[in-house]
Amino acid sequence: MKGTPHEHDDDRETPRLANEHPHVVRDDARSRVEGTAEPQAVRRGRTPGPSRRAAPAWRARLRGSYAILAFILLWEFAPLLGSPAFQVFLPRFHEVALAWWELLVSGQLWEHFAASFARSIVGFAIATAAGIALGLLIGWYRALYETLNPLLEVFRNTAALALLPVFVLLLGIGELSKVTIVVYAAFFPVLLNTAAGVKTVDPLLIRAGMTLGLNRYQLFTQVVLPASVPTIFTGIRIAGSSAILVLVAAEMVGAKSGLGFLITSSQNSFLIPQMYAGVLTISLLGLIVNSALVALERRVSRWNTTL
């Protein structure tokens, strides 16, 4: 039986729409398919999209705990494979944990932890403020970058620990020398990453800001600076770990408190479990600093969906 005139008109209209507006036909077909597929997914008991996307992040954290648990088990049972003398120099994990708890209860651990934390925070804050300020200027003004870059490369490639005797001779063995070497170690990662972040901003963003009529100051504060934040925080996190490592080494040379002093004094007194307890506390301090910086980066860079 022949179709009605309206049916023939629809048949002729569909090919014409497909040729002239193919995306309309595809979107219409996709909407029909999705409109029927979603109820079927709900009826089958499948979890909607957002909940399913949250599962991989939860599994990633779980996998990370597996690695830590495996390391603890290895530390606990590996010393048993060695001789009694080997077990003295590498005590089992539960012995180190017990020594760590005894130091915590007695208050010694908190005293050394607070001393190292205060020195690292003061030096790290000074280095971060100075590194960001100078890095922004170097990255924004090309002439200043070309003038200072050779000198900065010389100091950047000079290890901080190599200058430790110099700082001790000039500033003594007090707090000033320890804070200064932390500033030196943390300054250059922040400085260089800040300058690189400013210099590598997408030129399209700058052109878009100029098209919108932004002046030089507005272009820097509203376009360049926000776009540089991820690179700046990369340097800040590197500086945080460098500050802790250099500080511990400085405390081993000349100090009466701090985690580096705790490790050295425990080694000299042959208190091996306490020495390892100090090493674990340094790892805990680094984890605290890094977690705080990651949380701060996420708060500052809320627009960045990759964090």
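Residues numbered from 1 in each chain as written. Predicted model: local features only at pLDDT ≥ 70, side-chain atom pairs only at ≥ 80, totals over all residues. Heavy atoms only, no water.

A.B. asks: What exactly am I supposed to notice about the overall build of the protein chain here?
C.D. replies: Looking only at helices and strands, the protein chain features 13 helices and zero strands. Going residue by residue from the N terminus, the α and β elements of the protein chain occur as α-α-α-α-α-α-α-α-α-α-α-α-α. Counting over 307 residues, the protein chain shows a buried share of 30%. Sequence-distant contacts in the protein chain: of pairs separated by 6 or more residues, those separated by 24 or more amount to 71%. (Helix = DSSP H or I, 4+ residues; strand = E, 2+ residues; numbered from the N terminus. Buried < 20%, exposed > 50% of the residue type's maximum accessible area, 1.4 Å probe, protein only. Contact = heavy atoms within 4.5 Å.)

A.B. asks: Explanation requested: helix α13 (residues 272-300) in the structure shown.
C.D. replies: Working note: α-helix, 3.6 residues per turn, so residues spaced by three or four point in the same direction. Between the first and last C-alpha of α13 there are 43 Å, a value that for 29 residues agrees with the 42 Å anticipated at 1.5 Å per step. Within the span of α13, buried status applies to Ile 272, Met 275, Tyr 276, Ala 277, Gly 278, Thr 281, Ile 282, Leu 285, Val 289, Leu 293, Val 294 and Glu 297. (Expected span 1.5 Å × (residues − 1).)

A.B. asks: Help me understand a nonpolar patch on the surface in this model?
C.D. replies: On the surface, a nonpolar cluster with roughly 530 Å² of combined accessible area is contributed by Val 166, Leu 169, Leu 170, Leu 171 and Leu 176. Here the nonpolar patch takes four residues from helix α8 (residues 164-171), the largest share from any one element. Relative to the elements of secondary structure, Leu 176 occurs in helix α9 (residues 175-199). A relative accessible area of 52% places Leu 176 in the exposed class. (Patch = residues over 30% accessible without salt bridge, like charges linked within 9 Å, V, L, I, M, F, W, Y side chains within 5 Å. Areas by Shrake-Rupley, 256 points an atom, 1.4 Å probe, with all protein chains shown as cover. Salt bridge = Lys/Arg side-chain N within 4 Å of Asp/Glu carboxyl O.)

A.B. asks: Would you mind showing me how to read the packing of helix α6 (residues 108-140) against helix α12 (residues 259-268) here?
C.D. replies: The packing of two helices is summarised by the inter-axis angle and the distance between the axes. As a packed pair, α6 and α12 sit with axes 7 Å apart at the nearest point and diverge in direction by 135 degrees. The orientation of α6 with respect to α12, classified from their angle, is oblique. Two secondary-structure elements touch here, α6 through Leu 109, His 112, Phe 113 and Ser 116 and α12 through Leu 259, Phe 261 and Leu 262. Here the contact of α6 with α12 is composed, by residue class, of five nonpolar, two polar and no charged. (Axes fitted to C-alpha atoms, helices over the stretch in contact; angles between N-to-C directions. Parallel < 35°, antiparallel > 145°, perpendicular 65-115°, else oblique. Nonpolar A, V, L, I, M, F, W, Y, C, P; charged D, E, K, R; others polar.)

A.B. asks: Looking at this structure, I do not really get the nonpolar core. What am I missing?
C.D. replies: Taken as a class, soluble globular proteins show a tendency for nonpolar side chains to be buried jointly. Core analysis: the largest hydrophobic core is formed by 54 residues, its most contacted members being Ile 181 and Ile 236. Elements supplying a minimum of two residues to this core: α5 (93-106), α6, α8, α9, α11 (216-253), α12 and α13. Ile 181 has contacts with Ala 160, Leu 164, Phe 167, Val 246 and Ala 250, leaving out every residue within four places of it along the chain. (Core = buried A, V, L, I, M, F, W, Y, C linked by side-chain atoms within 4.5 Å.)

A.B. asks: It is not clear to me how α5 should be interpreted in this structure. Could you clarify?
C.D. replies: A rise of 1.5 Å per residue sets the reference length of α5, with its 14 residues, at 20 Å; its end C-alpha atoms lie 20 Å apart and thus fit the reference within 8%. Taken together, the buried positions of α5 are Val 96, Ala 99 and Leu 103. On an axial view of α5, the arc spanned by its buried residues comes to 60 degrees, and they lie on one face. In α5, the exposed residues that point more than 90 degrees away from the buried face are Trp 101 and Val 105. (Arc of directions from axis to C-beta.)

A.B. asks: Please explain the side chain of Ser 177 as it appears in this structure.
C.D. replies: Take Ser 177: it is sitting in helix α9. Setting aside chain neighbours within four positions, we find Ser 177 in contact with Phe 167, Leu 171 and Gly 172.

A.B. asks: Would you explain unusual backbone geometry in this entry?
C.D. replies: Glycine aside, the phi torsion of most residues is negative, and most peptide linkages are trans. Even without being glycine, Phe 270 reaches a positive phi, approximately 60 degrees. Along the chain, Phe 270 falls in the loop between α12 and α13.

A.B. asks: Can you walk me through the pattern of salt bridges in this structure?
C.D. replies: Two side chains carrying opposite charge are able to pair once their charged atoms lie near each other. Applying the stated rule across the entire model yields six salt bridges. Across the salt bridge formed by Arg 119 and Glu 175, the nearest N and O atoms sit 2.7 Å from each other. One end of the pair, Arg 119, is in helix α6; the other, Glu 175, is in helix α9, with 56 residues separating them in the sequence. We classify Glu 175 as partly exposed; its relative accessible area is 43%. For Glu 297, the salt bridge goes to Arg 237, with nearest N and O atoms at 4.0 Å. Linking Glu 297 in helix α13 with Arg 237 in helix α11, this pair joins segments that are 60 residues apart in sequence. In this structure Glu 297 comes out as buried when scored by relative accessible area, which is 6%.

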